[in-house]
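Fold and contact review
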Amino acid sequence: MAQDEEHNRNGNEREPLLRSQPTDGGEGGDSRNLLDFGESDGENPRQWSRTRKMTNVLVIAVMSILSPLASSMFTPGIDQIAKDLDTSTTTVVGCTTGFVVMLGLGPLVLAPLSETFGRRKLYMVCFTMFTLLQIPSALAPNIATLIAMRTISGFFGSVGIANGGGTISDMFEPKERAGIFGWYLLGPLLGPTLGPLFGGIIVQRIGWRWIFWVLTIVCAANTLAGFLFLRETYAPVLLAWRKDKKEQEEGLPNKYSYEGQDTRAVSKKVTSSLSRPFKILMQPIVLTMSLYQALLFGTTYSIYTNMQPIYQGEYGFDTEQVGLLYLGPGLGFLFAVWFLVPRIDTVYNRLAEKNDGKAKPEYRLPLANIGAVFIPMALFWFAWTVQAHAHWMASISATFFYGIGQVMILNCTQNYYIDSFEKYAASAIAAGAVFRSVLGGVVPLVAPALFDSLGYGWGISVFGFLSVAIAPAPLIFFYYGQPIRERFSVEL
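The text that follows walks through the structure, step by step, so that each part is easy to find. Within each chain, residue numbers correspond to sequence positions counted from 1 in written order. Totals for whole chains, interfaces and linings use every residue, but because this is a predicted model, local features are given only for residues with pLDDT of at least 70 and side-chain atom pairs only at 80 or more, for both listing and counting. Note that water and hydrogens are dropped before the side-chain values are worked out from all heavy atoms of the structure.

Structural notes on the packing of helix α5 (residues 119-138) against helix α7 (residues 159-171)
Helix axes use the C-alpha atoms of the stretch in contact, all axes being lines fitted to C-alpha atoms, and the angles between their N-to-C directions lie in the range 0 to 180 degrees. Counting from the N terminus, the helices are the DSSP runs of H or I reaching at least four residues and the strands are the DSSP runs of E reaching at least two. Their axes nearest at 10 Å, the elements α5 and α7 cross at an angle of 155°. Here α5 lies roughly antiparallel to α7, going by the angle between them. Of the two elements, α5 crosses α7, and the hand of that crossing is left-handed. Mapping the contact onto sequence places R119, L122, Y123, C126 and F127 in α5 and V159, G160, N163, G164, G166, T167 and D170 in α7. Across the contact of α5 with α7, the residue classes break down as five nonpolar, five polar and two charged. Throughout this description, any angle smaller than 35 degrees is read as roughly parallel, any larger than 145 degrees as roughly antiparallel, any in the 65 to 115 degree range as roughly perpendicular, and the remainder as oblique. The hand of a helix crossing depends on one turn: near helix anticlockwise from the far one by less than a right angle means left-handed, and clockwise means right-handed. What makes two residues a contact is simply this: any of their non-hydrogen atoms within 4.5 Å. Amino acids outside the nonpolar list (Ala, Val, Leu, Ile, Met, Phe, Trp, Tyr, Cys, Pro) and the charged list (Asp, Glu, Lys, Arg) are all regarded as polar, and Gly is one of them.

Digging into the environment of P309
By the secondary structure assignment, P309 is in helix α13 (residues 307-313). Note on classification: 1.4 Å probe, protein chains only; a residue is buried when its accessible area is under 20% of the maximum for its type, exposed when over 50%, partly exposed between these limits. Under the relative-accessibility criterion, P309 is labelled partly exposed at 40%. P309 has contacts with E314 and Y456, leaving out every residue within four places of it along the chain.

Focus on helix α6 (residues 143-157)
The span you would expect from a helix comes to 1.5 Å times its residue count less one. Given a rise of 1.5 Å per residue, 15 residues ought to cover 21 Å, and the 20 Å separating the end C-alpha atoms of α6 matches this to within 8%. Residues of α6 that are buried include every one of I143, L146, M149, R150, S153, G154, F156 and G157, and no others. All buried residues of α6 fall inside an arc of 160° around its axis, so they share one side. Turning to α6, the residues buried within the fold contact α2 (50-72), α3 (78-84), α4 (89-117), α5, α7 and α9 (209-229). Counting of polar contacts relies on pairs of N or O atoms within 3.5 Å, with two restrictions inside protein: one atom must be capable of donating a hydrogen and the other of accepting it, and residues adjacent in sequence are counted only when both atoms are side-chain atoms. Sitting at the head of α6, N142 places a side-chain oxygen 3.3 Å from the backbone nitrogen of A144. Taking the helix axis as origin, the arc is that swept by the directions to the C-beta atoms.

Some thoughts on the packing of α2 against α7
Interaxial distance between α2 and α7 falls to 9 Å at its minimum, and their mutual angle equals 160°. The angle between the axes of α2 and α7 places the two elements in the roughly antiparallel class. For α2 against α7, the interelement crossing comes out left-handed. Residue-level inspection shows K53, N56, V57, I60, M63, S64, S67 and P68 of α2 in contact with α7, the latter providing G160, I161, G164, T167, I168 and M171. The residue inventory of the contact of α2 with α7, partitioned by class, reads seven nonpolar, six polar and one charged.

Some remarks on the side chain of R364
Structurally, R364 can be placed in the loop between α16 (342-354) and α17 (368-387). Classification of R364 as buried rests on a relative accessible area of 1%. Within the structure, the side chain of R364 is placed 2.5 Å from the backbone oxygen of P174, a separation counted as a polar contact. In this structure, R364 is in contact with P174, R177, A178, I344, D345, Y348, C412, N415, Y416 and D419, ignoring residues within four places of it in sequence.

Next up, the structure:
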């Protein structure tokens, strides 16, 4: 008996991280007919055609790129906005703070709700609201209105970030997931990078208000695509629909049940689901890696919001030229996704083969060490080439390697979360996004004072030293992650 239990435990390395509740709500056995997907079931998202899967990925990837794009698109127009709305540039930066903070807090609500009511419904309601909120932003008569609209739109715009990982987990097997997820994750990374590039062109040619009119048009087009092509992927919701249809056809209510069915009242289900990300966040591994992501985003937004003073003040660039400099990290993102991210699956599958075919979530972490090395290296490189007033290519070259490092840390970490909490992947990613977005919004407010006090060399090096301090985390969790997970298991 003890050997069987040990075999079952080792056969599924994800189990130590979550203990599922009984499908009947905890009242004992369930004698109803159990519904599940068949081996070649066309309604099973994992059995869909490649075209249908990638159509879903494309729609949510565009959602996940547009909201981060909106977070930074107006940064080239900060001076113009401040002058037009009769306020300070520091106050205008508050528009980014409110938006980015809500990008982190929104998933705490939207991700668990998608695990109660389904993915598609949340996508369409939230992204429709996000689209509509660009209009009052474009018409804002004062800075208070602009900050308010930006903050609220950040909440609704977070839906792609909140549920994208869960949707990909719904459709793809673990052995192929990292490569697909890498392209999806380009959205949250490329959005803040491309935003200033497009924003700089718009601001310089037709004015800052047109940033939000352009966003309205593009977001409306993607919302329409969602209504036409986006399909529900969350298995418990699909099985619930199948259950209702069969019982209605047969006239026999409560004849069927399905795995993961929750018969509690809606209010209890919602309350339970909303607490789920916080329970996940309290796990030491999730907490540590979430702080790692938070450091990356705080660093990224601090540098991005200071690109104008650095390169306009130190190098004499105009707004459009500064926007083009963001291609440095952007090219790093693309290089990593094209050449390195697919290797996450390769390493994962090879390590699983060596472990008698038994995969562990920790097998996602080895390539994170590329990022652990590249991030501090690139930050020190960037800091001191800017401080020394070296040629602009010297400092921008560093951002290429920073982009590679950021992709590898985020991809390995997000895939680790998905593998560890497969059924509740959206909640796990939401838990990891909290610190990431909050610090990404707040740190840029204090970064200018830090750079004024210490200079760009030591100021940016502060972020470099912090990244050195946390760099061993992926290596430590690769070797010791499993016993830590077993010790801090959580009931969801």
